[in-house]
Each structure stands twice: as structure tokens, then as C-alpha cells.
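So you can see what is in the structure, the chains are spelled out below.
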Amino acid sequence: MTERHLQPLLHDLVGVVHAPTSALGDAAGQLRPHGVQGVFHADARVLSRAELRLDDREPESIGGGAVGPHGARFVGLARWLGDPTPDPTVRVDRIRQAGARGLTEEIVVTSTAAEPVRTTVTVDLACDLAPVEQVKAGHAGRPLEAKAGEPGRVQWAADGLTVTVTGADATVDAAGEHAVAPRLSWPVTVDPGASVTLRWRLDVADPRAVVSAAPAAASWAEPRVDADDRRLLRLLDRSLADLRGLRLAEPAHPEDVFLGAGVPWFLTLFGRDSLWAARMMLPLGTDLAAGTLRVLARRQGTRVDPATGEQPGKILHELRRHELSFDNGMRLPPAYYGTVDATMLWVGLLHDAWRWGLPADQVEPLLPHLEAALRWLDEHADADGDGFVEYIDTTGHGLANQGWKDSGDAVRFRDARLAAPPIVLAEVQGYAHQAATNGADLLDAFGRPGADRWRGYADRLAERFRAAFWVDGRHGPQPALALDRDKRPVDSLTSNIGHLLGTGLLSDAESAQVAALLSTEALAGGFGLRTMSTDDAGFSPLSYHCGSIWAHDTAIVLAGLARAGHRAAALRLADGLLAAAEAFDYRLPELYGGDDRSALGRPVPYPAACRPQAWSAAAAVLLLQAGLGVYPDVPNGRVDLRPLAGPELGALSAAGLRIAGSPVTVSVDHTGHPTLTDLPATLHIPTPGPPPKPLSPAPDLPAASPRRAPPHLVDHEVGGSFDLPTAANFMPARPAGPSGGEGRRSRGLRRAGWRVLTRTP
């Protein structure tokens, strides 16, 4: 029988991180020589074993917890030592701290015994320098032979990496059988009521690394937050600590900081992940966004290279030191461009950072890159000329799916059949629409040509999307997940449609229908938003992208719902996310199971999820922003307030958020009334218009399917200068049609067979 290599499980491991270094061990603090345990530096495992013993026996683990942003403490007992009483008298604390170029540990042996305790403390080590992709594939690395040098020191070297472990006052045995498993030893005597502290450290020299540690202090604000829902406070504290540990830079440009995607597989530059995380962090300042934009701009594509997926203007997917090679035949080059959405997300981050107050002298140098990104959208993103943005892996060994759901089976029809490429993803069309309108706003603001062209592109894309994507579903009309090779709608109901909110691609009525779909039990019945509905044949609660729940996905969608005024739907997802955070000790993993909330009363871990992970941690800041409802438009001198906090979520306040570089305080009381203080004099809070009012149900909407009639769509009454809020950006108001009533989108919706209700003041 062929040996089957399985991806190692992560869910029960304890991680510490100070990028580009991370360590994963068991709950007792041991780093055991199997699975994914060990210390990683960038793309290599630099220590595959560190097992602590006293007199060749392992302490019995009784607990542990985080120590600051980069550390953890593990507590154990040595009950065979000390007094022969029911109470333990010899305790062993192990305090681990990750550093930018290695790791340190303190081992503290404490005794309350009546007599001195004598023991020998040992740490058994190993190093395999296994590439991270081989560890992920379940392959066991071969331990390298160690070299003992100075007293207390042991070293390994290969492939340009040098790994050194030094035990202060320890003896080293690296001979014979210990050549591949060297041992540090300390004979100790602990007097009654005293303790002995032992120390060892790991140092990594890695001159070929493509990423390096960021400067010591994080540049973003540390807001002082008060909330009735204490879960949000704990989630923010843990998330911001983890984000400090995930900061990275390029060796040649240490001033430009970005976030590595996650531990352990993705601790490097990822276009999509780094962009989304920086976008979520904008309420804390624009420095992270600016660094991320500049790093990716330097690596923006300049030529057509099918082997790497590079195209002029395209934004990078991921960066590694070497080619990644997997058992399934997939091979990814060190600089890989196989992503369909990162280029548009780059434009979106530039636009949003500008709205939050990124200074003009930092925006202007990036405008040529903006224009190159828009040219990519025009010249390369639509290979078959049908007016949609699509992707296909032409190499046969790259990523088959190149949206954020990039697993091979992520794009499925309702009956679970896989869609054939080229694939046209729904949310990608939303990103394209938003990039076109955002890009137009920037071009206009900085006196550069082309804005009208891109607004026209956006209008045409909205019409095409309306005609091609809307299908009948079990819960009424719905946008399809995608179009397949033959332009057939991939008719499964997925979380992807939530990313359309606020992109400008949908009319108000369509947004309301999407909100209703996102509120169904089939999508929202777990601890957040399921990636695929339980009604679809491909659903599995522990599928990577077909039924699991992703924290960042849930946060993006709930923020879109909140800004568009769909309060109940947003609150439900927010509560699910906070409940999941509580279950995971406030360190939200990359994803978790999509089981019903009633199944276990807590989410089921996805066993191979990264933790910590950048966009999962940054989701806490996006949740804070949605709760406060603060939406700046610094170039136009205004800040809108539309809070989600209030009667259901409770009161919420944050001091030290940054708008236009200045610290501000935003508070929402129990009634939902917001206040904003310390706003720069150049900005004002406009007088709010009347709240949206649902119109009467439209009786002649087409039936969605023979099984169930659709929910009613509602439009909104518009009076005076009030514009319906959108979910992610301040979008220009759509022009009315010739009669002053419905505009182009409403007419298109009529042609698609929908009844559109409008009212004039």
C-alpha cells in the first residue's frame, strides 16, 4: 500500500512568533520531533526538537498562557522529587520568547520541599532544516549532524543557514548517538523555598532570507477601548499582540513594514493577505498601509512570464526564498503572481488609505503604479474579451484557483460538480468595479487623465454582471459564485457574495437581497459566516473553502452589512465571531468548522489552520470600526458616523484612533448615539439624513425556485442629499436617469426581470 503523507495538525499546538521566527510546540511546551513542531525561520525549520526532562523524566503539564506579544509560559510538576505529600513541592516553569533571529528559553525549577532537591535538567535538541512546504506535506525531516564548539554551544549549518544553540553554564553531549540529537545538561540543587533559573538560546544566521524583522516598535496606534461586551476587549488585546509579532520588512527596505500572512506556513509577503490585513488596520493609522503598498509596488509585474504568472501591472501573490514543490505536482516559483485579486485590492488599499488621511506626498509616488494596475485590468485581466476578470493556470503546476478561496475544489456547482476554468469569480468582479471607481477618484483628485474611462468601465461591468450572474436559488434570487469555462453560472450559495457589498456593483435592492441571503440559517447558522451554504451538495463543515468559517471573511462581510444599514444581519455575524474568539482563547485561527452553533456549543477547530494569522487578527480592528461606525473621507473634509454598537452590542468607545494622522476618540452610548472628539479642524461630521425606510414588498418578483418563494426585496427612500451607506468605501452617488428617477442600474435590473421600486422626495 502506498504511504500516505498527511498534513500535520496544528489546532492543539501553542505558538510564539516574532517574524520571521516562529515556534510551535505542544501544550506542555515540548518541541517534539514529529509533525510541524519546532522552530521556523522564514521558510525553514531551524530546530526540530527541544524536549525538557528532569532526571530523564518529563514534567507533568498543568497549564500555561501567553507572555507578552512574543512569548508563552508552560507550567509543569516534577512530583517524583521533593516531599512525599499530596501537594506537589517541585514546580518547573518554562518561559519561551521568540526573537527576530531566534528564540530564548528560561527553565525555572522551584522547590517548597523540606530538604534540598538535586536533579539533572536536560534539553534534547535536533535540527533538520526542512523546507516549510515539505513539513506541510507531512514529510519527516532527517536530523543533521551537530558540531559542538565552545562550552555550552552546538551548531548546525547547511544551505546558507547557520543555527546555533547556546546553553549558559550547560554541558553539551554531541558525540556518538547524540551527534544528531545533542543534549544540554545542567546538574542543579534547589534549596527549600528557592528556585534555580537555567537559560538557553537559539540564534539563526540567514543572509539569503527574502524577509526580515521589522523595526522594534509597531507604528500603529494602540487605542484605549472600553466596551460593554468584554469579549471585544480581550479579542483586541490578543489580536494586536499577535499582529506585532507578524510584522515583517524586506532586508533592503526595513522602513516599509507589512504583515506576514500566518504561522507556520505563510510567514512571508502575501499580496492578498497583506493587503486585506493592512486595510482592516486603517483605523489605527496609515503607516502599515503605506509600507505594504510600497513593498508590493516595488515588485509589481513588468513583463509577461507564464511560468511565474507575472504580467505588466500585476501585484505579487507570494514571495519565497526558493521554489515550492509539493507532492501533488504543484510547483510555485519564488516570486509567484498567481492571484486574480491582489492587483485590485492594491488599488483599494491605496484609495482607502487616502480617505483615512494618507498624505498626498505619499500617495503621489504610487500613482504610476495605480495606472499600471488599471492597465493590467484593461489589458490582461480579461483574456477572452468577454468583459469579465477571469483566471486560469496555464502552467499546469500553479494554483488551479486564484481567488482568496484558492484550494483546488473551492469552485463548485450546487450539485458539487467542480467548475472548469477559466473561472470568473463573483467577488472579483466587485473588486474590479471598486478598483475602477476608486482609481477614477484618485486620478481626478491628482489631476491625472482617464477617470471617465474607468467610471464607464465600472458601469458596463455592473450591467454585464447583472445579466450573467443572478440565478434562482433556494432562498430567492442570488448571485452565482462564479461563471465557468462555458460562462454557465456556478450556482452554489457562498460567502463570496458578501464581498460584493459596498463595491458599487449592486443596486440597493440587490444589496438588500444579498443581505437576506447572508442571514439565512444555511450561511449564518454557525459561529460566523459559512463559506458555502448547508443546502449545497459540496458542503462540508471541515472543508477548507466549502463550508468552514473564516474569521476575515466573516469580518469583511459583517462590516459591509453594517455600513449598508443591514444591522440585524451584521449583529448576528458579529456575535458569532466574538463567540468563536472566546472559544479559541481570543486568538482567532485562520478558519474553523462550519458546524451549527447548537452542535457542540463551541466551534470545532479546523485542525490545520494557521494561528496566529494576520487577517484573522486584524478582523478584530475591522469589528471595532464597524461597531463605532466611523468612516472618514479626509480629502473631502468629512467623517460619517453610522455605528453598529448600541442597544444590542452595547456601548463602545475607543480613544487614540487615527484620522488624518491625528488621534481621535469615538464613543457610542447604549442608545446607539455616536460622538467624535478631537477631530482636526479641517474635518466635519455632516448632519445625518433620515434613516433608510423599507418600501412595501414587490408582489411581482419572479419565484426563485419551485421549492420556496424568495424573500421580498426592498428599495430605500431617498430624500434630500442622503445617500444610502455603502460597505467599504465612499462611492460617488449614481446619477439619476433622464426623468430624475431610476438610473442605469435600475433599468438594467428591470431588464433582468426584477421589479424596482423608487420614490422621489
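Everything numeric here is computed off the predicted structure, so don't read it as measured data.

Scoring rules and cut-offs
- Residues numbered from 1 in each chain as written.
- Predicted model: local features only at pLDDT ≥ 70, side-chain atom pairs only at ≥ 80, totals over all residues.
- Heavy atoms only, no water.
- Helix = DSSP H or I, 4+ residues; strand = E, 2+ residues; numbered from the N terminus.
- Buried < 20%, exposed > 50% of the residue type's maximum accessible area, 1.4 Å probe, protein only.
- Contact = heavy atoms within 4.5 Å.
- Areas by Shrake-Rupley, 256 points an atom, 1.4 Å probe, with all protein chains shown as cover.
- Expected span 1.5 Å × (residues − 1).
- Axes fitted to C-alpha atoms, helices over the stretch in contact; angles between N-to-C directions.
- Parallel < 35°, antiparallel > 145°, perpendicular 65-115°, else oblique.
- Left-handed = near helix turned anticlockwise from the far one by under 90°.
- Nonpolar A, V, L, I, M, F, W, Y, C, P; charged D, E, K, R; others polar.
- Core = buried A, V, L, I, M, F, W, Y, C linked by side-chain atoms within 4.5 Å.
- Pairing = 2+ DSSP bridges.
- 1 Å grid on protein atoms, 1.4 Å probe; cavity = no way out; pocket = protein on both sides within 12 Å on 5 of 7 lines; lining within 4 Å.
- Points joined across faces, edges and corners; volume = space filled by probe spheres on them.
- Phe/Tyr/Trp six-rings, centres within 6.5 Å; stacked < 30°, edge-to-face > 60°.
- Lys NZ or Arg CZ within 6 Å of the ring centre and 35° of its normal.

### As for the overall build of the protein
Then step 1. Within the protein, the regular secondary structure consists of 16 helices and 36 strands.
Then step 2. Burial analysis of the protein (761 residues in total) assigns 60% to the buried set.
Then step 3. For the protein, contacts bridging at least 24 residues in sequence account for 65% of all contacts bridging at least 6.
Then step 4. As displayed, the protein offers around 28,300 Å² of accessible surface, 51% of which is attributable to carbon and sulfur atoms.

### Describing helix 7 (residues 367-379)
Then step 1. Compared with the 18 Å implied by 1.5 Å per residue over 13 residues, the 18 Å span of helix 7 between its first and last C-alpha is a close match.
Then step 2. What helix 7 keeps buried is the set Leu367, Leu370, Glu371, Ala372, Ala373, Leu374, Trp376 and Leu377.
Then step 3. Of the surrounding secondary structure, the elements contacted by the buried residues of helix 7 are helix 5 (342-356), helix 6 (360-363), helix 8 (426-445) and helix 9 (451-469).

### Some words on the environment of Val304
Then step 1. The topology assignment puts Val304 in the loop between helix 4 (287-298) and strand 21 (318-319).
Then step 2. Taking the C-alpha atoms as reference, Val304 lies 9.5 Å from His380; in sequence the two are 76 residues apart.
Then step 3. In this structure Val304 touches Glu310, Gln311, Pro312 and His380, once residues within four positions along its chain are discounted.

### Some remarks on the packing of helix 2 (residues 230-245) against helix 13 (residues 567-583)
Then step 1. Packing of helix 2 against helix 13 leaves a shortest axis separation of 10 Å and a crossing angle of 60°. In terms of axis orientation, helix 2 runs oblique to helix 13. Here the hand of the crossing between helix 2 and helix 13 comes out left-handed. Contact with helix 2, carried on its side by Arg231, Leu232 and Leu235, involves Asp575, Leu578, Ala579, Ala581 and Glu582 of helix 13 and no other residues of that element.
Then step 2. In terms of residue class, the contact of helix 2 with helix 13 is made up of 5 nonpolar, no polar and 3 charged.

### Quick look at the nonpolar core
Then step 1. By size, the foremost hydrophobic cluster in this structure holds 180 residues, and its most contacted members are Trp346, Val411 and Val630.
Then step 2. Considering each element in turn, this core owes the most residues, 12 residues, to helix 15 (residues 614-628).
Then step 3. When residues no more than four places from it in sequence are discounted, the contact partners of Val411 are Tyr391, Asn401, Arg417, Leu418, Ala419, Ile423, Leu425, Leu481, Ala482 and Val490.
Then step 4. Among the nonpolar cores identified, the runner-up in size contains 42 residues, and Ala72, Ala113, Ala170 and Leu202 belong to it.

### Observations concerning the sheet that holds strand 10 (residues 117-126)
Then step 1. Overall, antiparallel pairing links the 4 strands, which are arranged 5-10-15-14 in an open sheet. Single-partner strands in this sheet number two, and they are strand 5 (49-54) and strand 14 (171-173). Within this sheet the neighbouring strands show an average axis-to-axis angle of 25°, counted without direction.
Then step 2. The sheet contact formed by strand 5 and strand 10 spans 6 bridges and is antiparallel. Note on strand 10: the bridge partner recorded for Arg53 is Thr122.

### Observations concerning the layout of surface pockets
Then step 1. Volume-wise, the second largest pocket comes out at about 1,200 Å³.
Then step 2. Gln7, Lys136, Phe326, Met330 and Tyr544 are the residues nearest the centre of the second largest pocket, which is lined by 41 residues in total.
Then step 3. When residues of the lining of the second largest pocket are traced back to their parent elements, those giving at least two are helix 1 (132-136) and helix 3 (271-280).
Then step 4. In terms of residue count, helix 1 provides more of the lining of the second largest pocket than any other element does, 3 residues in total.

### Some details on the packing of helix 8 against helix 9
For any two helices packed against each other, one specifies the crossing angle of their axes together with the interaxial distance.
Then step 1. At a closest axis distance of 8 Å, the pairing of helix 8 and helix 9 adopts a crossing angle of 160°. In terms of axis orientation, helix 8 runs roughly antiparallel to helix 9. Helix-helix and strand crossings are classified by hand; for helix 8 and helix 9 the assignment is left-handed. Together, Ala426, Gln429, Ala432, His433, Ala436, Thr437, Ala440, Asp441, Leu443 and Asp444 of helix 8 and Ala451, Trp454, Arg455, Tyr457, Ala458, Leu461, Ala462, Phe465 and Phe469 of helix 9 make up the contact between the two elements.

### Let's talk about the packing of aromatic side chains
When we look at a pair of aromatic rings, we describe it by the centre distance and by the angle of the planes.
Then step 1. One pass over the full model with this rule turns up 11 aromatic pairs.
Then step 2. Centroid distance Trp276 to Tyr431: 6.3 Å. Interplanar angle 65°. Geometry classified as edge-to-face. Separated by 155 residues along the polypeptide, Trp276 in helix 3 and Tyr431 in helix 8 bring together distant segments of the chain.
Then step 3. Tyr431 sits in the buried class, given a relative accessible area of 3%.
Then step 4. Plain terms: the ring middles of Tyr544 and Trp550 are 5.1 Å apart, the flat faces sit at 70° to each other, and that makes the pair edge-to-face.
Then step 5. Residue Trp550 is classed as buried on the basis of its relative accessible area of 2%.
Then step 6. Here a set of aromatic residues connected by ring pairs shows up, and it is made of Trp404, Tyr544, Trp550, Tyr606 and Trp615.
Then step 7. Cation over ring: Arg417 sits above Phe413, and NZ or CZ is 4.2 Å from the ring centre.

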